[in-house]
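# Structural overview for review
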Amino acid sequence: MAPIARSGIDVTPLRESNLPIIFVLGGPGSGKGTQCAKIVEKYGYTHLSSGDLLREEVASGTERGKQLVEIMQRGELVSLEVVLDLLKEAMLSKLASSKGFLIDGYPREVAQGIQFEEEISPCTMVIYFDVSDLVMMDRLKNRGLTSGRVDDNEETIRKRLETFHNHSLPVVEHYGAKCIKISGENDPEEIFLKVSEALQTIS
Ligand code: AP5
């Protein structure tokens, strides 16, 4: 497969804005999107989901999108540069009206975090939702009945879980004390209370 083209993006305005940047981590179906919606409602941060940005790129029918869909159907990680460029473009486009960025599903591997922080700026906080594989599998199989997502089927969910364990869990260790671990198996409102406690420390 031909390498996916990168776009040259000037992120100086992002770097100079000094807005808070919160990474939201967790396995597939751990509730990242659900909690991010609540955070946006209460704190007004700009929510950017790396998965949503990739699905928008696929839907736009570009050459880059065509290459991405096959990777996502296999439950593997898209190349680091592609995700970072999509994030930069989205962050810049929302910068003027943003109070801070909530970056959902990123970084998925330690190298993504390192490159983001080198090219843009250090993150302010990392939130990680801890959920067992069994619960994540059940949630996603259930969501797959209606979601229409190409990756919400049992075979791809298994692969997504494997990718999460091999590549994404080490990110939690990488961020150490900067990473707030929250159990994601309770009721969404109870989880959000813990999320709010964490966010009060930077608001
Ligand atoms: P992405 O879209 O990020 O998918 P994911 O990480 O697998 O997570 P989901 O969006 O499926 O779940 P979620 O944690 O947001 O949970 P949700 O709130 O929806 O990524 C898709 C693919 O894109 C990846 O596999 C990869 O190929 C690629 N990709 C994405 N980012 C990338 C990156 N940075 N680098 C490289 N590749 C990347 O909840 C799930 C379900 O559970 C819902 O039905 C919800 O109602 C329910 N639920 C939520 N919370 C609770 C609760 N507390 N109790 C009961 N049910 C709950």
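## Describing the sheet that holds strand β5 (residues 179-183)
Across the sheet, five strands lie side by side as β2-β3-β1-β4-β5; this open sheet has parallel pairing. Only two strands of the sheet have a single partner each, and these edge strands are β2 (46-49) and β5. Between one strand axis and the next, the sheet turns through 20° on average, direction left out of account. Of the strand pairs in this sheet, strand β1 (residues 21-26) and strand β3 (residues 101-104) are connected by four bridges, and their pairing is parallel. Of the residues in β3, the one forming a bridge with Val-24 is Asp-104. Lying on the sheet, helix α3 (residues 50-59) is in contact with β2 and β3; it crosses β2 at an angle near 65°.

## What to know about the site of the ligand
The immediate surroundings of the ligand are formed by 31 residues, with Thr-34, Ser-50, Glu-76, Arg-143 and Arg-160 found nearest. Between Arg-108 and the ligand, the recorded distance is 2.8 Å, taken from a side-chain N or O atom to an oxygen atom. Take Gln-112: an N or O atom from its side chain is 2.7 Å from a nitrogen atom of the ligand. For the ligand, the protein covers 84% of the area, taking 1,000 Å² as the surface of the free molecule. At the level of elements, α2 (32-43), α3, α7 (133-144) and α9 (188-200) are the ones that each hand at least two residues to the shell around the ligand.

Thresholds, definitions, all that
- Residues numbered from 1 in each chain as written.
- Predicted model: local features only at pLDDT ≥ 70, side-chain atom pairs only at ≥ 80, totals over all residues.
- Heavy atoms only, no water.
- Pairing = 2+ DSSP bridges.
- Helix = DSSP H or I, 4+ residues; strand = E, 2+ residues; numbered from the N terminus.
- Axes fitted to C-alpha atoms, helices over the stretch in contact; angles between N-to-C directions.
- Contact = heavy atoms within 4.5 Å.
- Near = heavy atom within 4 Å.
- Polar contact = N/O pair within 3.5 Å; in protein donor to acceptor, adjacent residues only side chain to side chain.
- Areas by Shrake-Rupley, 256 points an atom, 1.4 Å probe, with all protein chains shown as cover.

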